[in-house]
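Structural overview
Okay, here's what each chain looks like letter by letter:
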Amino acid sequence: MNEYIYYPGCSLKGGSKHYEESLLPVLKKIGMEIEEMNDWNCCGATAYFAVDDTIAAALCGRNLSIAEKAGCHVMAPCAGCFLTMKKSNTFLTEGSNKAQKVLTDLKTTGCEYKGTVKVRHPLEIFIQEIGLDTIKEKVENKLTGLKVACYYGCQLVRPYTDFDDPDYPETMDNLMEAMGAEAVDYSAKTLCCGGSLTGTIENIGKGLNYVLLKEAKKKGADVIVTLCPLCQFNLEIMAAKVSKEYKEDYKIPVLYFTQLMGLALGIPKEDLGFKRSIISLKNMWQKINNGGAK
Amino acid sequence: MDIQRKVKFEEELDKNFLDEIKDMSGCEEIDKCIQCGACSSSCPMAVYMDHPPRKIISFIKNGFKEEALKSFTIWLCASCYTCQVRCPAKIKITDVMYALKRKAIEEKVYPNRLQPPVLAQEMCKLIAKNGRNSELWLVVNMYIKLKNPLGMLKMAPLGINLMKTGRMSLKKEKIKNRKQLRTLLNEVKENAK
Ligand code: SF4
Ligand code: SF4
């Protein structure tokens, strides 16, 4: 098992506090000691690639250098940060002239980066390093009968396809099944939620999220689970707008996979950030308490 | 009615555009495009775009600089990478879209009052200054820049919901070593020239 350092990124300290609030106790429960990266900076997100891609690489380089000095690899739970840092890491270590210049600048400002760090998402670490069987052994309350739609979105599975399938990934489904839940066949699992466009051009956001919500409802999901702050946010915020526009109730709870994991692992529900949901969780609790019966 | 010529003559095309773009990160392989259209058919945004991704690649290959840089398409690309994993010629289409965004900003030719380019630039400003993003301030800065107070007002109900659940704060997030970050970004900017 590799040593990791935790890179929260801006979202987990802002609008997605419940991702951090559920991830940290889950890590503790499965015996993973982890510390937060000291004085980390924003990864630059999609914004910096659209404005200045060398600065984008430098921003990630500073974080990677902090991790390297601590002798750790990076755990990035936000799929956006995960991809941005992985992409910049690839750029910085592939030896181009442009990359060489950035590495020199990093060095002269006290952020030398030798290129030894890996960037991984907690789902990858759970599946590939800790293992489903080990996690399964720690389950205390099986989520029997709870139907979940596992939504992966884009950036964890694309363009790097070394961890799971880019169109029909299954690792999160397997994890949820190990928790006792039933993962529905969610064919929209890797369609795009619109990312930051959903916040700027609402029409597009509504159209894209309608597809995601409708498919989850059609498959009878009680809850949609996500692994990216922007996906979670977009789906949860657009649910009310989509319901209004299409005159049907699409207000399905949208949670982080770590929140449901935490429940199954026996962590008190008060400690998993459920109070931050905007959509009512009433039906979901009923289903969980009744072991799946309505 | 004023009828205009719809087809460009060869001498009106920008012959250097392809080379200009090929010089940018991720765009090196662009002339391998076979115009199959897999990108356009897999793009979730294509139905909103003025030109589908395949046509944008063709614009670049054939010197239609203005058409490419002024298109809405590049700003509607959500960086979902679907086209990129499907492209049989392994063209990094998402990176090409990013490159066009950078060029359009550099040449200040993006569509006026369109939100995505403003959001991107405001976010970069916040990050360069503080080292971190602050969601509330990003939205405020964007609407100020767009001179759109009504847009900001429309966000109020969402803001209230987020405040109630403790998911939004007025605090500006900052890193401690901002001096180091500033020096680093200045160095990179200087040396990249
Ligand atoms: S999928 Fe690739 S080869 Fe096909 S048109 Fe698009 S860029 Fe060209
Ligand atoms: S990356 Fe951009 S161009 Fe490609 S499919 Fe996604 S939205 Fe369309």
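The rules we used
Residues numbered from 1 in each chain as written. Chains lettered and ligands numbered in written order. Predicted model: local features only at pLDDT ≥ 70, side-chain atom pairs only at ≥ 80, totals over all residues. Heavy atoms only, no water. Near = heavy atom within 4 Å. Nonpolar A, V, L, I, M, F, W, Y, C, P; charged D, E, K, R; others polar. Contact = heavy atoms within 4.5 Å. Buried area = accessible area lost by both parts, 1.4 Å probe. Salt bridge = Lys/Arg side-chain N within 4 Å of Asp/Glu carboxyl O. Polar contact = N/O pair within 3.5 Å; in protein donor to acceptor, adjacent residues only side chain to side chain. Helix = DSSP H or I, 4+ residues; strand = E, 2+ residues; numbered from the N terminus. Axes fitted to C-alpha atoms, helices over the stretch in contact; angles between N-to-C directions. Parallel < 35°, antiparallel > 145°, perpendicular 65-115°, else oblique. Left-handed = near helix turned anticlockwise from the far one by under 90°. Domains from an automatic or database assignment. Buried < 20%, exposed > 50% of the residue type's maximum accessible area, 1.4 Å probe, protein only. Expected span 1.5 Å × (residues − 1). Pairing = 2+ DSSP bridges.

For ligand 2, the full set of nearby residues is Cys43(B), Pro44(B), Met45(B), Pro53(B), Cys77(B), Ala78(B), Ser79(B), Cys80(B), Tyr81(B), Cys83(B) and Thr94(B). Its residues assigned to classes, the shell around ligand 2 shows 9 nonpolar, 2 polar and no charged.

With 62 residues of chain A at the contact, the number on the chain B side is 55 residues. Here chain A packs against chain B, burying approximately 5,000 Å² in sum over the two surfaces, 63% of which is carbon and sulfur. Counting across the interface, chain A meets chain B through 4 salt bridges. In this structure, Asp53(A) and Arg102(B) form a salt bridge, with 3.3 Å as the shortest nitrogen-oxygen distance. Run the count over chain A and chain B and you get 29 residue pairs in polar contact (both at pLDDT 80 or more). When residues in the side of chain A that touches chain B are grouped by element, the largest group, 7 residues, is from helix α3 (residues 45-51) of chain A. The residue inventory of the side of chain A that touches chain B, partitioned by class, reads 27 nonpolar, 21 polar and 14 charged.

Residue and element names in this part refer to chain A. Contact geometry of helix α7 (residues 122-130) with helix α9 (residues 171-178) gives a least axis separation of 10 Å together with a crossing angle of 65°. Between α7 and α9, the crossing angle belongs to the class labelled roughly perpendicular. Judged by the sense of rotation from one axis to the other, the crossing of α7 with α9 is left-handed. Only Thr171, Met172 and Leu175 of α9 make contact with α7, whose side of the interface consists of Leu123, Phe126 and Ile127. In the contact of α7 with α9, the residues fall into 5 nonpolar, 1 polar and no charged.

Further remarks concern the domain arrangement of chain B. Assigned domains within chain B: domain 1 (11-107) and domain 2 (115-192). The C-alpha centroid of domain 2 of chain B is placed 28 Å from the C-alpha centroid of domain 1 of chain B.

To continue, consider the side chain of Thr82(B). Tracing the chain through its elements places Thr82(B) in helix α6 (residues 82-86). You can call Thr82(B) buried: its relative accessible area is 8%. For Thr82(B), the residues in contact, after removing those within four places along its chain, are Arg158(A) and Ser42(B).

What follows is about the domain arrangement of chain A. Residue and element names in this part refer to chain A. As assigned here, chain A comprises domain 1 (3-120) and domain 2 (132-289). Taking only C-alpha atoms into account, the centre of domain 1 sits 25 Å from that of domain 2. Between domain 1 and domain 2, the contact holds 23 residues from the first and 27 residues from the second. Both sides of the domain 1 and domain 2 interface together cover about 2,200 Å² of buried area, and 66% of this is carbon and sulfur. In terms of surface lost to domain 2, no three residues of domain 1 exceed His18, Tyr19 and Lys29, which account for 29% of the buried area on that side. Our enumeration of links across domain 1 and domain 2 arrives at 3 salt bridges. Of the charged contacts, one joins Glu140 and Lys29 as a salt bridge, the two residues approaching to 3.3 Å between their closest N and O atoms.

Attention now moves to the pattern of salt bridges. The final tally for this structure, using the stated rule, is 30 salt bridges over all chains. Residue Glu36(A) is joined to Lys13(A) by a salt bridge in which the shortest nitrogen-to-oxygen separation is 2.9 Å. One end of the pair, Glu36(A), is in strand β2 (residues 35-36); the other, Lys13(A), is in helix α1 (residues 9-13), with 23 residues separating them in the sequence. A relative accessible area of 36% places Glu36(A) in the partly exposed class. Bridged by salt links that share partners, the residues Glu20(B), Lys65(B), Lys103(B) and Glu107(B) form one connected network.

Residues and elements named next belong to chain A. The first and last C-alpha atoms of helix α5 (residues 79-93) sit 21 Å apart over 15 residues, in line with the 21 Å expected at 1.5 Å per residue. Burial within α5 is extensive, with 12 of its 15 residues counted as buried. Immediately beyond the C-terminal end of α5, within one or two residues, lies Gly95, with a positive phi of roughly 80°.

Neighbouring ligand 1 are Cys33(B), Ile34(B), Gln35(B), Cys36(B), Gly37(B), Ala38(B), Cys39(B), Arg54(B), Cys87(B), Pro88(B), Ala89(B) and Ile93(B). Residue classes in the shell around ligand 1 are distributed as 9 nonpolar, 2 polar and 1 charged.

For the rest of this paragraph, the subject is the packing of helix α3 (residues 53-62) of chain B against helix α7 (residues 93-106) of chain B. The packing of two helices is summarised by the inter-axis angle and the distance between the axes. All names here are of chain B. For the pair α3 and α7, the least separation of the axes is 11 Å and the interaxial angle reads 60°. Looking at the two axes, α3 sits oblique to α7. Relative to α7, α3 is oriented so that their crossing is left-handed. Contacts between α3 and α7 pair Pro53, Ile56, Ile57 and Ile60 from the former with Ile93, Val96, Met97 and Leu100 from the latter.

All names here are of chain A. In space, the 4 strands of this open sheet follow the order β6-β5-β7-β8, with parallel pairing throughout. The strands lining the two open edges of the sheet, one partner per strand, are β6 (182-183) and β8 (254-256). As judged from the 3 bridges shared by strand β5 (residues 147-150) and strand β7 (residues 223-226), these two strands associate in the parallel manner. The partner of Val148 across the bridge, within β7, is Val223. Its contacts with the sheet place helix α13 (residues 257-264) against β5, β7 and β8, and it is angled at close to 70° to β8.

With that settled, the discussion passes to the sheet that holds strand β3 (residues 73-75) of chain A. Residues and elements named next belong to chain A. Here we have 4 strands laid out as an open sheet, ordered β2-β1-β3-β4, and parallel in their pairing. If you trace the sheet from one side to the other, it starts and ends with β2 and β4 (119-120), each paired once. With 3 bridges connecting them, strand β1 (residues 4-6) and β3 associate as parallel partners. Paired with Ile5 across the bridge in β3 is Val74.

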